[in-house]
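Inside the fold
Okay, here's what each chain looks like letter by letter:
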Amino acid sequence: MELCGWGRYPRIDAQVSYPRSAAQCARSMGGAGSVVARGLGRSYGDSSLGPRVLDLRGLDHFLGFDQATGVLTCAGGVSLGDILRVFVPRGWFLPVTPGTRFVTVGGAIASDVHGKNHHVDGSFTDHVSGIELLLGNGERVAVSPTEAPELFHATCGGMGLTGVILSASLRLKPIRSGGIVETTIRAPDLDAVLAAFDDNAGASYSVAWIDCLARGRHLGRSLLMLGEHAADGPLAAPSATPWPVPFDLPAGLLNRATASAFNALFYGKALRERRTRRIPFARFFCPLDALADWNRLYGRPGFVQYQFVLPAAAGVAGLREVLGRIAASGRGSFLAVLKVFGPANAHHLSFPLAGYTLALDFKVEPEVLRLLDQLDRIVADHGGRLYLTKDARMSEATFKAGYPRWQEFESVRARYHAIGRFASTQSRRLGLQ
Amino acid sequence: MKKILIIGATSEIAEATARLWAAQGHRLALRGRDGERLRAIAVDLGIRGAGAVDTAPLDVNDFDAHADAIDAACRALDGIDIALIAHGTLGDQKACERDFRRALRELDTNAISVISLLTHLGNRFEAQRHGTIAVIGSVAGDRGRQSNYVYGAAKGAVAIFLQGLRNRLHAAGVQVLTIKPGFVDTRLTRSFAKGPLWVGPGRIAADIVSAIDGKADVVYTPFWWRYAMLAIRAIPERLFKTLRL
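Remember, it's a predicted structure, so these values are computed and weren't measured experimentally. (Residues numbered from 1 in each chain as written. Chains lettered and ligands numbered in written order. Predicted model: local features only at pLDDT ≥ 70, side-chain atom pairs only at ≥ 80, totals over all residues. Heavy atoms only, no water.)

Remarks on the overall build of chain B
The helix and strand inventory of chain B stands at nine helices and seven strands. Against the 2.2 N^0.38 benchmark of 18 Å for 245 residues, chain B shows a C-alpha radius of gyration of 18 Å, consistent with a compact globule. Each of the three principal axes of chain B carries a C-alpha extent, and together these read 55 × 40 × 35 Å. With 245 residues in all, chain B has 51% of them scored as buried. Partitioning the contacts of chain B with sequence separation of at least 6, the portion at a separation of at least 24 is 72%. Total accessible area on chain B stands at roughly 11300 Å², and carbon and sulfur atoms take up 55% of it. Side chains of chain B give 33 positive and 25 negative charges; the mean places of these two sets differ by 6 Å. (Helix = DSSP H or I, 4+ residues; strand = E, 2+ residues; numbered from the N terminus. Rg over C-alpha atoms; globule rule 2.2 N^0.38 Å. Buried < 20%, exposed > 50% of the residue type's maximum accessible area, 1.4 Å probe, protein only. Contact = heavy atoms within 4.5 Å. Areas by Shrake-Rupley, 256 points an atom, 1.4 Å probe, with all protein chains shown as cover. Lys, Arg positive; Asp, Glu negative; His and termini not counted. Charge placed at Lys NZ, Arg CZ, Asp CG, Glu CD.)

Examining the domain arrangement of chain A
Residues and elements named next belong to chain A. By domain assignment, chain A separates into domain 1 (62-175) and domain 2 (179-394). Counting from both sides, the interface comprises 34 residues of domain 1 and, opposite them, 36 residues of domain 2. For the pairing of domain 1 and domain 2, the buried interface totals around 2900 Å² over both sides, and the portion due to carbon and sulfur atoms is 62%. It is Arg101, Lys116 and His119 that lose the most area in domain 1 upon contact with domain 2, and together they represent 25% of the buried surface on that side. Taken together, the connections running from domain 1 to domain 2 amount to one salt bridge. The partner of aspartate 289 in a salt bridge is arginine 101, and the shortest N-O contact between them spans 3.5 Å. Taken together, the connections running from domain 1 to domain 2 amount to 18 residue pairs in polar contact (both at pLDDT 80 or more). Residue assignment for the side of domain 1 that touches domain 2 shows that the elements contributing at least two residues are α2 (80-87), α4 (118-121) and α5 (149-155). In terms of residues, the side of domain 1 that touches domain 2 owes the most to one element, α5, which gives four residues. For the side of domain 1 that touches domain 2, the per-class residue count stands at 13 nonpolar, 14 polar and seven charged. (Domains from an automatic or database assignment. Buried area = accessible area lost by both parts, 1.4 Å probe. Salt bridge = Lys/Arg side-chain N within 4 Å of Asp/Glu carboxyl O. Polar contact = N/O pair within 3.5 Å; in protein donor to acceptor, adjacent residues only side chain to side chain. Nonpolar A, V, L, I, M, F, W, Y, C, P; charged D, E, K, R; others polar.)

Here's the deal with the interface of chain A and chain B
Opposite the 13 residues of chain A that make contact, chain B presents 14 residues. For the pairing of chain A and chain B, the buried interface totals around 1200 Å² over both sides, and the portion due to carbon and sulfur atoms is 46%. It is Arg20, His61 and Phe62 of chain A that lose the most area in chain A upon contact with chain B, and together they represent 55% of the buried surface on that side. Applying the counting criterion to the chain A and chain B interface returns three salt bridges. A salt bridge links arginine 19 of chain B to aspartate 82 of chain A, with the shortest nitrogen-to-oxygen separation between them at 3.9 Å. Secondary structure elements with two or more residues in the side of chain A that touches chain B: β6 (62-66) and α2 of chain A. For the side of chain A that touches chain B, the leading source of residues is β6 of chain A, giving four residues. Residue classes in the side of chain A that touches chain B are distributed as six nonpolar, three polar and four charged.

Dropping the structure here:
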């Protein structure tokens with residue numbers, strides 16, 4: 001069947017199996033050749049694509065929960081939304097919440113997803129205490145920071161290329177309310193928003209929406225959003241069903257004029273320099289989840305998301321160069337998200353590192369792909385890298401320059417029977433075995 | 001807190017329904033063929049909030065085991081308020097046309113086993129004078145079509161049996177609910193091409209729970225199937241027989 005990632009580019013023909021147990025997973029992997037695991041298909045490009053795909057949404061059971069410590073053990077196909085729905089009413093929250101709750105625990109580990117609290121709490125796998133992994137030879141092994149640690153470090157952020165994540169244990173964090181107290185700060189340019197991030201380094205959550213079409217003295221015009229869990233109030237889980245986008249919008253609808261109007265409106269909405277309000281957590285963490293299938297807004301050709309990180313040392317100059325290039329091209333996106341990361345962790349292919357990350361959407365078209373190649377060079381020159389989970393097009397050279405530990409990753413894969421057993425369209429493009 | 005028996009508890013619709021009941025804190029007894037999977041589901045439902053979960057394997061085609069199985073479930077739960085019958089197979093119509101033994105097996109699984117279970121449950125509920133018997137049928141049981149009339153005949157037979165049982169148990173104050181899902185994206189239908197009419201098991205589960213709470217007799221899920229099937233049933237047979245459906 002035809003399969004694609006969230007960006008709907010590229011599309012491939014895949015043979016898909018739907019295991020509902022570990023034993024069925026092992027059976028689906030039988031025979032020669034490689035497979036790739038897939039959860040809810042929210043990686044944007046070709047990370048979960050390949051000729052043979054294991055759709056793991058059927059592995060969706062909770063396996064254990066310790067009331068005293070908040071450690072939840074669940075199968076790899078459980079979605080973060082399901083965890084929130086069950087545990088928020090009991091006063092527990094995800095340690096790290098990415099921009100959508102429609103991802104699986106296995107996918108969150110394989111992508112080592114990050115959230116608005118990276119600067120204080122690190123990424124998702126920093127809160128994972130153990131993983132049960134199905135290796136390429138059919139063996140089931142427990143991995144953790146202390147058991148087979150090198151396999152743990154390769155698996156966290158390893159894009160599913162070390163084995164199938166059957167289950168995992170993660171530490172939930174206690175909350176007293178389902179509400180978030182959100183403070184929005186208006187920043188007129190890039191220096192202002194970076195200074196505001198600095199001033200608010202103690203905030204639990206922070207992220208900025210940046211207007212990529214603003215140029216000249218407005219370059220980097222942003223709204224910085226800070227969040228804290230409310231101290232009291234109802235422990236309510238999201239109940240509203242998302243609004244559907246029932247058909248593909250015409251591909252030309254999202255263009256410079258509409259994006260510019262949207263961004264002007266969005267920026268103008270924050271009338272005052274600083275505003276504080278209380279909102280449900282889902283609206284703070286996953287605003288786009290309110291719209292099911294928002295990826296259809298870009299029309300049939302699909303879109304690519306470009307997310308890079310620049311080390312803090314490259315800082316403002318690098319960011320200014322990238323933003324300048326995008327603004328000059330006039331191909332900015334509705335959503336550009338800027339975030340300051342805390343330090344990197346010990347995983348081989350984990351994306352975050354101490355510095356600045358920016359994420360943008362682009363409609364897929366030849367000029368955009370050329371622009372992204374130029375951006376790749378700027379990012380590489382500043383010692384940065386691209387997020388594999390968003391990627392659909394980076395070159396092998398760009399990948400290897402950005403992820404210098406790729407050889408270490410490959411040697412762990414070789415030792416644990418992954419070579420020739422787990423591969424995606426992306427891993428082949430990036431020159432992994 | 002209600003005491004709920006689910007037969008065919010490993011089916012995706014049944015499991016999705018059980019999750020909603022678990023979140024409400026009800027006590028559940030799960031029956032199905034795969035004991036290992038039942039135990040995994042039980043642990044999951046316990047974490048989701050179920051008051052207690054009892055499991056035991058049951059092969060629905062072993063008709064002689066039905067009476068004891070229902071007695072045992074009743075003991076485990078200390079009574080039954082709701083019984084949901086959810087098992088079923090979506091057989092290969094073409095294979096059934098070639099080989100009557102295949103057709104008989106489909107009819108046994110989808111109709112005769114259900115009628116046997118309903119006979120035991122009907123008597124028990126009539127005596128206890130309260131509760132709900134809910135059975136998952138199908139819109140396929142509303143009119144025979146060349147693409148799946150063996151399955152449709154089984155579901156249609158169950159629907160008519162349920163009409164009679166509902167009529168009989170009305171006096172005892174027992175709700176008898178016929179659930180008629182349309183296209184549901186489950187592992188039975190994984191290989192089908194999916195159009196916009198397909199919904200996930202979670203949607204069906206929510207409709208089942210609210211139909212039971214609302215004391216309904218027949219529920220089409222999602223609701224638009226009521227009107228779709230009204231239209232399909234209204235087509236004259238003279239015309240219907242010429243259609244490729």
